[in-house]
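# Descriptive structure summary
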Amino acid sequence: QVQLVESGGGLVQAGGSLRLSCAASGRTFSTYTMGWFRRAPGKEREFVAAITFFTYYGDSVKGRFTISRDNAKNTVSLQMNSLKPEDTAVYYCAARRGTSNLAQQQSYNYWGQGTQVTVSS
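Each value, and the rule that gives it
Residues numbered from 1 in each chain as written. Predicted model: local features only at pLDDT ≥ 70, side-chain atom pairs only at ≥ 80, totals over all residues. Heavy atoms only, no water. Core = buried A, V, L, I, M, F, W, Y, C linked by side-chain atoms within 4.5 Å. Buried < 20%, exposed > 50% of the residue type's maximum accessible area, 1.4 Å probe, protein only. Helix = DSSP H or I, 4+ residues; strand = E, 2+ residues; numbered from the N terminus. Contact = heavy atoms within 4.5 Å. Phe/Tyr/Trp six-rings, centres within 6.5 Å; stacked < 30°, edge-to-face > 60°. Lys NZ or Arg CZ within 6 Å of the ring centre and 35° of its normal.

## Observations concerning the nonpolar core
- If you look at the biggest cluster of nonpolar residues, it comprises 28 residues, and the most contacted ones within it are Met34, Trp36, Val76, Leu78, Met80 and Tyr91.
- Taken together, the elements giving at least two residues each to this core come down to strand E3 (18-24), strand E4 (33-39), strand E5 (45-51), strand E7 (65-70), strand E8 (75-80), strand E9 (89-96) and strand E11 (115-120).
- Setting aside chain neighbours within four positions, we find valine 76 in contact with Leu20, Ser21, Cys22, Phe29, Met34, Trp36, Ile51, Ile67, Ser68, Arg69 and Cys93.
- Counting residues in each nonpolar core, the second largest holds 6 residues, with Phe37, Phe47, Ala50 and Leu102 among its members.

## As for the packing of aromatic side chains
- On inspection of all chains with the given rule, the structure shows 6 aromatic pairs.
- Their ring planes at 80° and their centres at 5.0 Å tell us that phenylalanine 37 and tyrosine 108 sit as a pair that is edge-to-face. With phenylalanine 37 in strand E4 and tyrosine 108 in the loop between E9 and strand E10 (110-111), this residue pair connects regions lying 71 residues apart in the sequence.
- Residue phenylalanine 37 is classed as buried on the basis of its relative accessible area of 1%.
- The class of tyrosine 108 is buried, set by a relative accessible area of 4%.
- Ring centres of phenylalanine 37 and tryptophan 111 lie 5.1 Å apart, and the angle between their planes is 55°; this geometry places the pair in the tilted category. Of this pair, phenylalanine 37 sits in strand E4 while tryptophan 111 sits in strand E10, and the two are 74 residues apart along the sequence.
- Assessed through its relative accessible area of 25%, tryptophan 111 is described here as partly exposed.
- In this structure an aromatic cluster arises from ring pairing among Phe37, Phe47, Tyr92, Tyr108 and Trp111.
- One Lys or Arg, arginine 45, reaches over the ring of tryptophan 111 and ends 3.9 Å from the middle of that ring.
- Above the face of the tyrosine 32 ring, arginine 97 is positioned so that its terminal group lies 4.0 Å from the ring centre.

Here is the structure:
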C-alpha cells in the first residue's frame, strides 16, 4: 500500500510559478513509477508528467513543467513555470508499478486527494 499526500497548490498569476510536492508512505518508494495528473473543471483527468528513471510529459506542459523525485525523502515534485490560466485544475499525484502506458490513468493504482492550482489572467 502507498499513501500519497499532495501539497503546494494555490493561486498564482499567469506567467508565475508554483511547486507541487507529493509525500509517499512506504519503504519501497523508489520502485514505483510516479505521475502527476490534473482535472480542469468540466474536463477529463489529463496526464501531466511521469518519472521512472526517465521523465515524460504531456504535450501541453512540455518545456514549462519539470517532474523530479527524491527517493531518500519519498517525495515527488512538479515545478510549474510560465503558468497559464488553462493550467487551472486539481492536480493529483499517482503511483504504480511498471513503465508502460504512463499517460493512462487506469494504469495507476494509488492516488492522492489532489491539490487545487488556480492561475489568474
